[in-house]
Amino acid sequence: MDLLHTQLSKIQSHLAFVAVEPIDWKLGVQAFSWAVTLFETYLLLRQYPLYSKTEPPPVLAEHFEGNTFKKSQEYGRDKAKFALVSGLLKQCLDSALLQFGFYAWSWGAAGRLLALVDYGSEYEILQSIVFVFVLYFLSTIPTIPLSLYGTFVVEEKHGFNKMTPSLFVADLFKGWALAVVLGSPFLAAFLYIFKWAGDRFVPWLMAFMITFQLSMVIIYPTVIQPLFNKLSPLAPGELRSRIELLASKLHFPLKHLYEIDGSKRSSHSNAYFFGLPWSKHIVIFDTLIQQSKPEEVEAVLAHELGHWYYLHPTKMLAVSQLHIFTILSLFPAFLHAPAVLTAFDFPKAVAAVPPTIVAFTLFQMILTPLEAVVSIGMNAVSRHFEYEADKFACELEGKLQAEDMKDMGDRLGRALITIHVKNLSTVWVDWLYSAYHHSHPTLTERLRGLETYKVKLEKKQL
């Protein structure tokens, strides 16, 4: 532990300039956040001309019937327009809030609210919690019209929205309630560790964060998700039998197999698994069951089980922990830097002893360009895992010595095509746009990969 703290101290010595150099941090954050937004706008402008194509890629031509491809292009075009406008509007809002001292005002407002119930500035953790929710609610409310437009105009126009206005409002208030109920104790514990551990908070906070993440694996499906969707045991039949047999052959610790009423809100489809290492649950959207044949859904689940087989969730968790560790290692220099707070309009009295949550919030804003780069790297890792899971599905015949799984790759390809066609997903994608935004390879890339795996397997069998 002492070795860790010694290395962390060296990092802080290299960042000592943060506390003493007269840097215009607000201008830097404004510049970097606008740079990221304008780059994302540039990517949209690269992608947008592809929605003018009148024919799908040759490999997909036979799968688009009638005017389905035209509908797909129109849907992609409308989503791109909405993303362009909403992205710029949100950036203008964030920029205005930053420029006119909204963060400093929110800290003061939190203090004034607590003063109404006779709590003073000595209750920093309590004021910090109020501060976070003042920021959260006041910055969220202006974006509600955008959410309404995206749901009830864009998605509604193309036949995907199944939400009613009352359900939208109910979901909104449930989300806010969950933020308060779960966010408050999380923030309290998070901030308490800083106070308790002092500058040696990094390992303790890492332990807390991973414990919280693992706890959410249990809490989300059992407590949170039922508030929004109904999970029902998958009905007996061919699909259930296929999945249970596949899970048994792979020794996948399947405890429950659910069907979720995703159609309650949208026509889009998906499937996933969750749970602890010794107890897994598979969830299949009712829309996927309706859109695909049982053998194709089985292939989708074979892909998902490939993620489990290769420990992809565990590896992604490890990568995320490394990311969190890096952030926390850099943070102490900003925690003890009054100049950072004064750059964002905080009074000298507050900046003299920076509140932890304020310093951390500003620190995250300063990291905006770094986080954009990290997201590209995370997408690259995720896409590699997707290819690996596809390959796993193709190799099931050999892994399980099961002749009936010889065509699993072909079934997966058909399932992916069906999902993309039914969801009117974009099939012409700019490579740079995809690298930045997509955690999955494009459909044509995955089909090409499946064909490559198939050829390699056939050569091995010769």
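The rules behind the values
- Residues numbered from 1 in each chain as written.
- Predicted model: local features only at pLDDT ≥ 70, side-chain atom pairs only at ≥ 80, totals over all residues.
- Heavy atoms only, no water.
- Helix = DSSP H or I, 4+ residues; strand = E, 2+ residues; numbered from the N terminus.
- Rg over C-alpha atoms; globule rule 2.2 N^0.38 Å.
- Buried < 20%, exposed > 50% of the residue type's maximum accessible area, 1.4 Å probe, protein only.
- Areas by Shrake-Rupley, 256 points an atom, 1.4 Å probe, with all protein chains shown as cover.
- Lys, Arg positive; Asp, Glu negative; His and termini not counted.
- Charge placed at Lys NZ, Arg CZ, Asp CG, Glu CD.
- Contact = heavy atoms within 4.5 Å.
- Pairing = 2+ DSSP bridges.
- Axes fitted to C-alpha atoms, helices over the stretch in contact; angles between N-to-C directions.
- Phe/Tyr/Trp six-rings, centres within 6.5 Å; stacked < 30°, edge-to-face > 60°.
- Expected span 1.5 Å × (residues − 1).
- Bend = angle between axes of the 7 residues up to and from the residue.
- Parallel < 35°, antiparallel > 145°, perpendicular 65-115°, else oblique.
- Nonpolar A, V, L, I, M, F, W, Y, C, P; charged D, E, K, R; others polar.
- Salt bridge = Lys/Arg side-chain N within 4 Å of Asp/Glu carboxyl O.
- Core = buried A, V, L, I, M, F, W, Y, C linked by side-chain atoms within 4.5 Å.

(A) View of the overall build of the protein. Each helix and strand counted, the protein has 22 helices and 4 strands in total. Its C-alpha radius of gyration of 25 Å places the protein within 12% of the 23 Å reference for a compact globule of 462 residues. Across its three principal axes, the protein shows a C-alpha extent of roughly 75 × 50 × 40 Å. Split into buried and exposed, the 462 residues of the protein put 47% on the buried side. Only carbon and sulfur atoms are counted for the fraction: they give 64% of the accessible area of the protein, which is about 23300 Å². Separation of charge centres in the protein, based on 40 positive and 41 negative side chains, amounts to 1 Å.

(B) Main features of the side chain of S72. Examined against the element boundaries, S72 turns out to sit in helix α4 (residues 68-99). If near-sequence neighbours (up to four positions away) are discounted, S72 is found in contact with F64, L424, S425 and T426.

(C) Here's a closer look at helix α17 (residues 356-366). Counting buried residues along α17, 10 of its 11 residues qualify, which places the element largely inside the surrounding structure. All of the buried residues along α17 are T356, I357, V358, A359, F360, T361, L362, F363, M365 and I366.

(D) Summary view of the sheet that holds strand β3 (residues 271-276). Strand order in the open sheet made by the 4 strands is β1-β2-β4-β3, with mixed pairing throughout. Both outer strands of the open sheet, β1 (231-233) and β3, are each paired with one neighbouring strand and no more. In this sheet, neighbouring strand axes are inclined to one another by 35° on average, regardless of whether the strands run parallel or antiparallel. Where β3 meets strand β4 (residues 279-285), 6 bridges bridge the pair, whose relative direction is antiparallel. Looking across to β4, one finds that F274 is bridged to H281.

(E) Spotlight on the packing of aromatic side chains. With the rule as written, the count across this model stands at 37 aromatic pairs. On the basis of an interplanar angle of 40° and a centroid distance of 6.4 Å, the ring pair of Y272 and F274 is categorised as tilted. Residue classification places F274 among the buried positions, given a relative accessible area of 16%. Members of the aromatic cluster, each reached through a chain of ring pairs, are W25, F186, F190, F194, F201, F208, F212, F331, F334, F360 and F363.

(F) Looking closely at the pairing of strand β2 (residues 254-260). One ladder, built from 3 bridges, connects β1 with β2; its direction is antiparallel. Looking at the pairing, P233 lines up with Y258 of β2. As paired strands, β2 and β4 are joined by 6 bridges and run parallel to one another. Directly across from L254, in β4, lies its bridge partner K280.

(G) How the structure looks around the pairing of β4. In terms of burial, β4 is largely enclosed, as 7 of its 7 residues are buried. Here β4 shows two buried faces, one formed by S279, H281, V283 and F285 and the other by K280, I282 and I284. Counting the residues between successive antiparallel strands, the hairpin from β3 to β4 contains 2 residues.

(H) Representation of helix α7 (residues 144-157) within the structure. Between its terminal C-alpha atoms α7 stretches 19 Å, which fits the 20 Å expected from 14 residues at 1.5 Å a residue. Of all the bends in α7, the largest measures some 30° and sits at G150. Buried within α7 we find I144, L146, G150, T151, V154 and E155. Looking at the buried side of α7, the elements it contacts are α4, α6 (124-140) and α8 (165-197).

(I) Geometry of the packing of helix α12 (residues 294-309) against helix α20 (residues 408-422). Two numbers describe how α12 lies on α20: the axes approach to 8 Å, and their chain directions differ by 100°. In terms of their interaxial angle, α12 and α20 are classed as roughly perpendicular. Packed against α12, whose contacting residues are E295, E296, E298, A299, V300, A302 and H303, the element α20 presents M408, R411, L412, R414, A415, T418 and I419 at the interface. Within the contact of α12 with α20, the residues separate by chemical class into 7 nonpolar, 2 polar and 5 charged.

(J) Just unusual backbone geometry, in detail. One non-glycine residue, H251, lies in the positive phi region at around 60°. One can find H251 in the loop between α10 (238-249) and β2. Accessibility expressed as a relative area gives 67% for H251, which makes it exposed.

(K) Geometry of the pattern of salt bridges. One pass over the full model with this rule turns up 15 salt bridges. Salt bridges sharing partners connect three or more residues here, namely E238, R242, E298, D407 and R411.

(L) Layout of the nonpolar core. One finds F190, F331, F334, V340, F344 and F346 to be the most contacted residues of the largest nonpolar core, which totals 52 residues. Of all the elements, α17 adds the most residues to this core, at 8 residues. Those residues within four positions of F346 in sequence are excluded, and the remaining contacts are Y103, A104, W107, L341, V358 and L362. Counting residues in hydrophobic clusters, the runner-up holds 48 residues, among them L257, L288, L412 and A415.

(M) Main features of the environment of V429. Among the secondary structure elements, V429 is positioned in the loop between α20 and α21 (431-437). For V429, a relative accessible area of 23% puts it in the partly exposed group. Distance in space between the C-alpha atoms of V429 and R46 is 9.4 Å, their sequence separation being 383 residues. Among residues more than four places away in sequence, those in contact with V429 are Q47, L50, S434, H438 and T442.

The analysis is restricted to geometry; functional conclusions fall outside its scope.
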